[in-house]
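Residue-level structural notes
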Amino acid sequence: MKNLKLLLTGTVAAIAFTGSVAHADRATDGDLKILFWQAVSTMNPYLSGGTKEVYASSMVIEPLARYDEKANLVPMLVTEIPTLENGGVAKDMLSITWKLKADVKWSDGTPFTADDVIFTWKYCTAPDGGCAQKAQYQGIKSVEAVDKNTVKVSFEEPKYYPYSAFVGAQSPVIQRKQFENCVGAKAPGCTAANFGPVGTGPFVVKEFKPNDVITLTANTNYRDPKKPAFASVTLKGGGDAASAARAVLETGEFDYGWNMQVEPEVLAKMVAAGKGKLETAFGTQVERIVLNRYNADPSLGAKRSTKEAGPHPSLADPAVRRALSLAIDRTTIVEAGYGAAGKETCNIVPAPAAVASTKNDSWCLKQDIAGANKLLDDAGWKKGSDGIRAKNGVKLNFLYSTSTNSVRQATQELVKAWWAEIGVGAELRNASASVFFGGDPASPDTFQKFYADVEMYTNNFDGTDPEKYLAEWLCDKAPSPSNGWQGQNIPRYCNADYDKGVAELSKTGDPAKRAELAKKLNDMLTEEGAHIPLVHRGQVSSHSLKLAGVRMNGWDSELWNVADWSRAK
Amino acid sequence: MFTYTLRRLLFAIPTLLIISFAIFALLDLAPNDPTGDLPLTIPPEVREQIRASLGLDQPFFLRYLYWLQQFFINEPLNILERLTGWQFGDGSRMRVLSWATRSPVVDLIVQRLPQTLWVVGLAYLFGVMIAIPIGVISAYKQYSVFDQIGTFLAMVGYSVPTFFTGVLMIVIFSSYLQWFPSVYDTNLVVTDFSSFLQQVKQMILPVTVLALFNASQITRFVRASMLDNLHQDYVRTARAKGVKEKAVLLVHVLRNSLIPVVTVIALGVPTIFSGAIITEQIFRVNGLGQLLITAVQGADIPLVQTLTFIFAVLIVLFNLIADVLYGILDPRIRYD
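Residues numbered from 1 in each chain as written. Chains lettered and ligands numbered in written order. Predicted model: local features only at pLDDT ≥ 70, side-chain atom pairs only at ≥ 80, totals over all residues.

Turning our eyes to something else, we now look at the overall build of chain B. Within chain B one finds 12 helices and zero strands. Reading the helices (α) and strands (β) of chain B from amino to carboxyl end gives α-α-α-α-α-α-α-α-α-α-α-α. Overall, the C-alpha framework of chain B stretches about 80 × 60 × 40 Å when taken along its three principal axes. Among the 336 residues that make up chain B, the fraction classed as buried is 35%. (Helix = DSSP H or I, 4+ residues; strand = E, 2+ residues; numbered from the N terminus. Buried ≥ 20, exposed ≤ 12 C-beta atoms within 10 Å, placed from the backbone.)

Here it is as structure tokens:
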């Protein structure tokens, strides 16, 4: 009897133990089925830059350090994150030294060394290579090997946020041996390497069918002998978001589905089938309406939206800009178009928490039609017989453009109705995303040209530091014919104080001070109405209830911890 | 007949050249951009470098000539090398590279062709096989219950779009009944009976959707053509001579009625290759149709250009085949 009891408690303990440690050994959990409704084109993120390619390749090739789901840096191929305290970051902020883990092997069994890290930098910065992640390597003077396992990255000028190169899914380390003859103009020709990079990650490409399906198997040389739990991964691509959601949540054919851009009520119905659940992560994406500071009147022809066109006849008035924001009910926009994947915001830098301001939430987050009307009345904008306000012959009629997307068109309709309540007319327009964001200088419909009074889109920044992002609103970054419409200051915002603030931020090292400055700059943009932030957008993915270990991440690849995923028992 | 065919083939060369130029010019004028789908976090100067690395910084005519050389000289030589094992020159020729995948366009097409031929081709075949008997009976028993039902179904099949029937089938047979998969597995290799069964299972839904659509179109043609012939004098003569009704219908009327139908079917063959864009997308068959639509969306100009041009070649070719077939089948028509 006693023995039986002992046996029973032992069994219970054993079950409890296996329950907490979800997987026991490498490659014991079968096939992991992932569905990306936008198919993956290549496994080399340096040649593509698309989110889907960055995510897919993150299972194979890894950066030195990653962001976890709480935006903290975690070491991957290094022993620790270099900081000022541990001496990894030089006091003068001119260099950062990474200490590589000693026994990491590539999937082909060869050792991973400082040479590979240096080569990765050379690969991406080679002329004529068209490396899509070049911005990650900006401002680097040299990358040198101190010894076999130590890499020193030196910067041209002090870099107060040095975690860009080799950090995050956008800049993984590739193997020198494999890509040695693929540098510069020769890069696209190396199809075999681009489709099947040798990596240090938990999986190895077995077969790659471009824009269709990728088969991966567990990396036998992965540094943790117990991981990954799955023996193989099948990453299927193609189709549309709604049917992808169905394949995970309703039919259960797939374990994980990326980017469920589907109407919230449709998703809720699918989740009710009880086969899977949704995961949301918030990064830095903000859907905003940008207000044009320059005149966009079509009669101005090619001068439209440039300095030569002069200030915008009505949007130059701060009262109008504030009223347009006050009239919007962000809560309704979130409920109608985003559901769990959106939060109301008045910030252009909505996260991480340390740099997210709350200063303008009091007046801006709540819709105030009466207040907006009063503001316009006081500023002298009088309603005409058609219900549209006007002053000195200038009517508050705006051309409102965005990219073609059902959620955006629904939002346009909502905003138009609210603006009508304050006597503002809006003509809605939309252009195909590949044209709107395409940046073709010959096209009149790009968001950079901004041949409209207001336009709506989403933008964000990589990583957790907003310095580079905030520098987009500098006076000299405004798109114009002289720079081939290539600037990023879309609203053509210009404020000498703001420019000074950005310069100060780039010279500030103390994290608390940086956060304070970033908040100040963010508040300036909202208060002065460079744009109207609407929704802090999250990413939604779905996974089967039979899949354990998913830690949805908005700061890095969603598949960042795929090595820890396992079959729920 | 031979000289006629030869003349038509020679005439096709300038036609195709003009088509290729028109496609290239249209694609070049379209305001799409290969960097348009990239995240906005990639700065403009990097985008500019990406465009340059794709060769977009070169003038229009030069790019067109490059494509001509790559498509008409380099790719055929490459195929020849692979088939025969001979080596021409140093073997390192610039091939037509897709911008999205950076891999040779021809390899992509070769990879996609089997799925498309299996699913869309089979659907076409089934469509024809269903359409002919239904059309024949419908015409023979005009205004009967069978004809009414057949006409109704053909109208429904023709007017309800595949993106509706496809999703409906998935909801019923995949989500609710769970009989068939909703996602096509392109990695499935048929080795034994169970994998064959699996292949059949995953093909049923897309093939049914497409076969219905094809059948409803062709049935109408068969029915109309049969009706034309049934009232001809030769039918009355045959019946008067005492020929059996079965022989009248299947030997005399059907053979004559099929002449225009064969033309219609031949003209429809190129659409098999262009794939069924919508159906392939819904069931994730990932054939040529899906390849084309992703290329269009991603502004992958070399891929769109090459695919569209191959379709143009097929259309020109099958037009010729239809004409020649017409001459062979109908003794009244002679081209020489």
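A count of helices and strands for chain A gives 17 helices and 21 strands. Seen through its principal axes, chain A has C-alpha atoms that stretch 90 × 60 × 45 Å. Buried positions account for 53% of the 569 residues belonging to chain A. Relative to all contacts within chain A whose residues are 6 or more apart in sequence, the contacts with residues 24 or more apart total 67%. (Contact = placed C-beta atoms within 7 Å.)

Before going further, it helps to spend a moment on the sheet that holds strand E5 (residues 140-147) of chain A. Residues and elements named next belong to chain A. Taken together, three strands build an open sheet; the order of strands is E4-E6-E5 and the sheet is antiparallel. Because the sheet does not close on itself, it has two edges, and the strands there are strand E4 (95-99) and E5. Going from strand to strand, the sheet's axes swing by 20 degrees on average, the running direction of each strand aside. With five bridges connecting them, E4 and strand E6 (residues 150-155) associate as antiparallel partners. Within E6, the residue paired with Trp98 across the bridge is Val151. (Pairing = 2+ DSSP bridges. Axes fitted to C-alpha atoms, helices over the stretch in contact; angles between N-to-C directions.)

If you look at the interface, chain A gives 48 residues, while chain B gives 45 residues. Only helix H6 (191-195), strand E8 (213-218), helix H7 (241-249) and helix H14 (433-436) of chain A provide two or more residues apiece to the side of chain A that touches chain B. Class assignment of the residues belonging to the side of chain A that touches chain B gives a composition of 13 nonpolar, 23 polar and 12 charged. (Nonpolar A, V, L, I, M, F, W, Y, C, P; charged D, E, K, R; others polar.)

Our next topic: the nonpolar core. By size, the foremost hydrophobic cluster in this structure holds 215 residues, and its most contacted members are Leu35(A), Leu64(A), Ala323(A) and Ala327(A). The leading source of residues in this core is helix H4 (residues 105-140) of chain B, at 12 residues. Those residues in contact with Ala327(A), other than ones at most four positions away along the chain, are Gln367(A), Ile369(A), Ala372(A), Trp418(A), Trp419(A), Glu421(A) and Ile422(A). (Core = buried A, V, L, I, M, F, W, Y, C linked by C-beta atoms within 7 Å.)

Moving on, we come to H7(A). Judged by how many residues are buried, H7(A) sits mostly within the fold: seven of nine residues are covered. Along H7(A), the residues that are buried comprise Ser243(A), Ala244(A), Ala245(A), Arg246(A), Ala247(A), Val248(A) and Leu249(A).

Moving on, we get to the sheet that holds strand E14 (residues 389-391) of chain A. Overall, antiparallel pairing links the three strands, which are arranged E13-E14-E15 (chain A) in an open sheet. Each end of this open sheet is capped by a strand with a single partner; those strands are strand E13 (382-383) and strand E15 (394-395) of chain A.

Residues and elements named next belong to chain A. Burial of strand E18 (residues 454-459) is extensive: five of the six residues sit out of reach of the surface. As judged from the six bridges shared by strand E11 (residues 276-291) and E18, these two strands associate in the antiparallel manner. For Glu287, the partnering residue across the bridge sits in E18 and is Thr458. Sheet topology note: the strand E16 (residues 397-403)/E18 ladder contains three bridges and is parallel. When the sheet's bridge partners are listed, Tyr400 is paired in E18 with Val454.

Right, let's get into the packing of helix H10 (residues 330-337) of chain A against helix H13 (residues 406-421) of chain A. Residue and element names in this part refer to chain A. Two elements in contact, H10 and H13, have axes separated by 10 Å at closest approach and are oriented at 150 degrees. Overall, the two elements H10 and H13 adopt an arrangement that is roughly antiparallel. As H10 packs across H13, the resulting crossing turns out to be right-handed. Of the residues in H13, those in contact with Thr332, Ile333, Ala336 and Gly337 of H10 are Val407, Ala410, Thr411 and Leu414. Class assignment of the residues belonging to the contact of H10 with H13 gives a composition of five nonpolar, three polar and no charged. (Parallel < 35°, antiparallel > 145°, perpendicular 65-115°, else oblique. Left-handed = near helix turned anticlockwise from the far one by under 90°.)

As a further point, take unusual backbone geometry. Each neighbour pair has its own omega, and for Lys227(A) with Pro228(A) the value is -5 degrees, a cis peptide bond. Positionally, Pro228(A) belongs in the loop between E8 and strand E9 (232-237). The step from Ala351(A) to Pro352(A) runs through a cis peptide bond, and the omega angle for that step is -5 degrees. Positionally, Pro352(A) belongs in the loop between strand E12 (342-344) and helix H11 (361-364). Although it is not a glycine, Tyr143(B) adopts a positive phi angle of roughly 65 degrees. One can find Tyr143(B) in the loop between H4 and helix H5 (145-159). Using a count of 9 C-beta atoms within 10 Å as the deciding quantity, one classes Tyr143(B) as exposed. A positive phi is found at Ala299(B), a non-glycine position, where the angle reads about 55 degrees. Along the chain, Ala299(B) turns up in the loop between helix H11 (288-297) and helix H12 (301-329). Residue Ala299(B) is classed as buried on the basis of its 23 C-beta neighbours within 10 Å.

Attention now moves to helix H17 (residues 511-527) of chain A. All names here are of chain A. Compared with an ideal rise of 1.5 Å per residue, which puts 17 residues at 24 Å, H17 spans 24 Å between its outermost C-alpha atoms and is within 8% of the ideal. Within H17, burial applies to Arg514, Ala515, Leu517, Ala518, Leu521, Asn522, Leu525 and Thr526. Taken together, the buried residues of H17 touch H11, helix H15 (467-470), helix H16 (496-505) and strand E19 (531-544). Immediately downstream of H17, the backbone of Gly529 shows phi near 65 degrees, a positive value. (Expected span 1.5 Å × (residues − 1).)

What follows concerns the packing of H4(B) against H12(B). Residues and elements named next belong to chain B. Look at H4 against H12: their axes get within 10 Å of each other, and the N-to-C directions meet at 60 degrees. It follows from the interaxial angle that H4 and H12 lie oblique. Considering the relative orientation of H4 and H12, their crossing is right-handed. Where H4 abuts H12, its residues Val105, Leu108 and Ile109 lie against Pro302, Leu303, Thr306 and Leu307. Split into classes, the residues belonging to the contact of H4 with H12 amount to six nonpolar, one polar and no charged.

Time to look at the environment of Met203(B). Along the chain, Met203(B) turns up in helix H7 (residues 193-230). Leave out the neighbours within four places in its chain, and Met203(B) touches Trp118(B) and Val119(B).

Residue and element names in this part refer to chain B. The share of residues in chain B with pLDDT of 70 or more is 98%, and the mean pLDDT across the chain is 88. When pLDDT is averaged over each helix and strand of chain B, the minimum, 86, is found for helix H2 (residues 44-53) and the maximum, 92, for helix H8 (residues 233-240). Note on the complex model: pTM 0.87, ipTM 0.83. (pLDDT = per-residue confidence, 0-100.)

Residue and element names in this part refer to chain A. As for its position among the elements, Phe179 is in helix H5 (residues 176-179). Residue classification places Phe179 among the buried residues on the basis of 23 C-beta atoms within 10 Å. With 136 residues separating them in the primary sequence, Phe179 and Met43 have C-alpha atoms 13 Å apart. Contacts of Phe179, omitting those with residues within four sequence positions, involve Tyr123, Ile174, Cys190 and Ala193.

Take the confidence of the model for chain A next. Close inspection of predicted coordinates is inappropriate in any region flagged by low pLDDT. In this model, chain A carries a mean pLDDT of 90, and residues with pLDDT of at least 70 account for 96%. Between residues 6-23 of chain A, whose pLDDT stays under 50, and residues either more than four places distant or in other chains, the model counts nine contacts.

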